[in-house]
Structure formats: structure tokens, C-alpha cells
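This is what each chain is made of:
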Amino acid sequence: MNLTAAFFSILIKLAEAYEEMNERVYDLTSKALSFENTHIGNEELASLAAALAVNQEVEQLDLSRNYITELSPLRDVLAKNKTLKKLFLYYNFHLWSIAPLVEGLIRAGTASRLEVLDLSRCGLGEFEVHLLGHMLAKNCSLQVLDLRMNDHITSLEPLHEGLKNSNLARLGLPRDVWYSDTECARLQDLRPGLTIC
């Protein structure tokens, strides 16, 4: 196969993958949608959010390993959706801010059904921990929060206040925090029964 034929073969495969992704975006009949590693960016996320705004069936959404930098389209989805239980954003390390995500969960309050939030390897730091602590204090549905592989997080102290009032059962910690026995003990004192991984 010559170079031109190989190039066109790749283009055809990309076009087919994009068409399949668009079909999945607008045909939300499944309760679990996975867009992991499908090269979704901000434009595709906006389209997906528009579709999810009218769909109250989806319980699990996997957006891991993509090129998402802006989570604003998810703000209203999280504020209004009453069925979404699991959201995976693993390895979207170009995120500008998780503030829209946190704002949506705070606005949802007790109406939120989100139980699992995977923010591992998203390039989060101390500011994001402050936002998450504020959200935990106001959103009682979250049971699993994964912050593993966010090496800019060196302390979880901003989570302490929110952790007291939360229903969090499992917390994935960044490596630097995980190795701190003092921090782990403090977290388990604040939330007895909390599993730390």
C-alpha cells in the first residue's frame, strides 16, 4: 500500500469513527454511555450536553481520555439531571477548571444523584481541592471521589469541612497525600468508615 492509499484509509476510518460517535451522541437510548478515548473536545461536549439536557435515562457517562478543556456545558446537565449516577473524566489533563462542574453539583444540591466522580489524572491542584471541599458540604449524593494521579495536590485539608457532612465512602488520593499517614488518619477521623485508596 502506498503512502497516499494509507492516508486515505486512515481518513476513512476517522470519518467512520466520528459518524459513530455522533450517532451515539444523539441516540441516547443506553443507560451507560462511553466516549472514552474518542477525541471528544469542547464542541462535541457541548453537543452531548444538549442531548443529555433532554434525556433523563443516562446513568453513567464516561468521557475519559479526551481533549476536554472546558466543562461549562456540563454545568446545567449536572444541575438538572436526576438520573446521572457516574461521571468519569479520567485523564482529561488539559481541563482549565472544574468550577462549572462543581457549580452544577452545588446547584443540584440534594436533587443530585451523582454517586461516582472520577477526576483522576486531570491536572488538579490546591484550588480545585477547595472547590471540591465546598461541593462536598452541599452535595450529599457523592459516594466515590477519585483524585488519584493529580500530583499538584499536596494537601486535602480544604476537603475536611465538606467531608464531615458528606456521604463519601471512598476517596482516591494523589500519591503525595496517600503516603501521609497523618493525612489519611485525619480524613478517616472526619469520615469514619471512609475507604482510602
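Caption draft 1: Geometry of the sheet that holds strand E1 (residues 32-34). Strand order in the open sheet formed by seven strands is E1-E2-E3-E4-E5-E6-E7, with parallel pairing between adjacent strands. Each of the sheet's edge strands pairs with one partner strand only, and the pair in question is E1 and strand E7 (195-196).

Caption draft 2: Quick peek at the pattern of salt bridges. Applying the stated rule across the entire model yields eight salt bridges. One salt bridge connects Glu103 with Arg75, and the closest N-O pair in it is separated by 3.1 Å. A residue pair is termed long-range when its members are at least 10 positions apart, and Glu103 in helix H4 (residues 99-108) and Arg75 in helix H3 (residues 72-80) qualify at 28 residues. Judged by its relative accessible area of 34%, Glu103 is partly exposed. Judged by its relative accessible area of 23%, Arg75 is partly exposed. Between Glu161 and Lys164 there is a salt bridge, with its nearest N and O atoms 3.2 Å apart. With Glu161 and Lys164 both in helix H6 (residues 160-164) and three residues apart, the pair spans about one turn of that helix. Accessibility expressed as a relative area gives 41% for Lys164, which makes it partly exposed. What you see here is one network of salt bridges that share partners, running through Arg75, Asp76, Glu103 and Arg107.

Caption draft 3: Seen up close, the packing of H3 against H4. Orientation of H3 relative to H4, taken along the N-to-C sense of each, is 15 degrees, at an axis distance of 7 Å. On the basis of the axis angle, H3 is roughly parallel to H4. Between H3 and H4 the crossing geometry is right-handed. Facing Ser72, Arg75, Asp76, Leu78 and Ala79 of H3, the residues of H4 in contact are Pro100, Leu101, Glu103, Gly104, Leu105, Arg107 and Ala108.

Caption draft 4: Quick look at H3. Here H3 has its buried residues at Leu74, Val77, Leu78 and Ala79. Looking at the packing, one finds that the buried side of H3 touches helix H2 (42-54), strand E3 (86-88) and H4.

Caption draft 5: Structural detail: the environment of His94. Among the structural elements, His94 can be located in the loop between E3 and H4. Sequence separation between His94 and Ile68 is 26 residues; the distance between their C-alpha atoms is 6.8 Å. Excluding residues within four positions of it along the chain, His94 makes contact with Ile68 and Thr69.

Caption draft 6: Inspection of the packing of aromatic side chains at higher detail. Within the structure shown, the criterion is met by two aromatic pairs. Where Tyr90 meets Tyr91, the ring centres are 5.7 Å apart and the plane angle is 50 degrees; that geometry is what we call tilted. The buried category is assigned to Tyr90, whose relative accessible area is 16%. Looking at Tyr91, the relative accessible area reads 25%, which means it is partly exposed. A centroid spacing of 5.0 Å and a plane angle of 85 degrees characterise the contact between Tyr91 and Phe93, whose relative ring orientation is edge-to-face. A relative accessible area of 41% places Phe93 in the partly exposed class. Aromatic rings pair up to connect Tyr90, Tyr91 and Phe93 into one cluster.

Caption draft 7: Structural detail: the environment of Gln188. Positionally, Gln188 belongs in helix H8 (residues 181-190). For Gln188, a relative accessible area of 36% corresponds to the partly exposed category. When the C-alpha atoms of Gln188 and Leu163 are compared, they prove to be 9.6 Å apart, with 25 residues separating the residues in sequence. For Gln188, the contacting residues outside a window of four places in its chain are Leu194 and Ile196.

Caption draft 8: Seen up close, unusual backbone geometry. Even without a glycine there, the phi angle at His39 is positive, about 65 degrees. You can see His39 is positioned in the loop between E1 and H2. With relative accessibility at 48%, the residue His39 sits in the partly exposed group. Backbone geometry places Met149, a non-glycine residue, at a positive phi of 60 degrees. Tracing the backbone through its elements, the reader meets Met149 in the loop between strand E5 (144-146) and H6.

The rules behind the values
Residues numbered from 1 in each chain as written. Predicted model: local features only at pLDDT ≥ 70, side-chain atom pairs only at ≥ 80, totals over all residues. Heavy atoms only, no water. Pairing = 2+ DSSP bridges. Helix = DSSP H or I, 4+ residues; strand = E, 2+ residues; numbered from the N terminus. Salt bridge = Lys/Arg side-chain N within 4 Å of Asp/Glu carboxyl O. Buried < 20%, exposed > 50% of the residue type's maximum accessible area, 1.4 Å probe, protein only. Axes fitted to C-alpha atoms, helices over the stretch in contact; angles between N-to-C directions. Parallel < 35°, antiparallel > 145°, perpendicular 65-115°, else oblique. Left-handed = near helix turned anticlockwise from the far one by under 90°. Contact = heavy atoms within 4.5 Å. Phe/Tyr/Trp six-rings, centres within 6.5 Å; stacked < 30°, edge-to-face > 60°.

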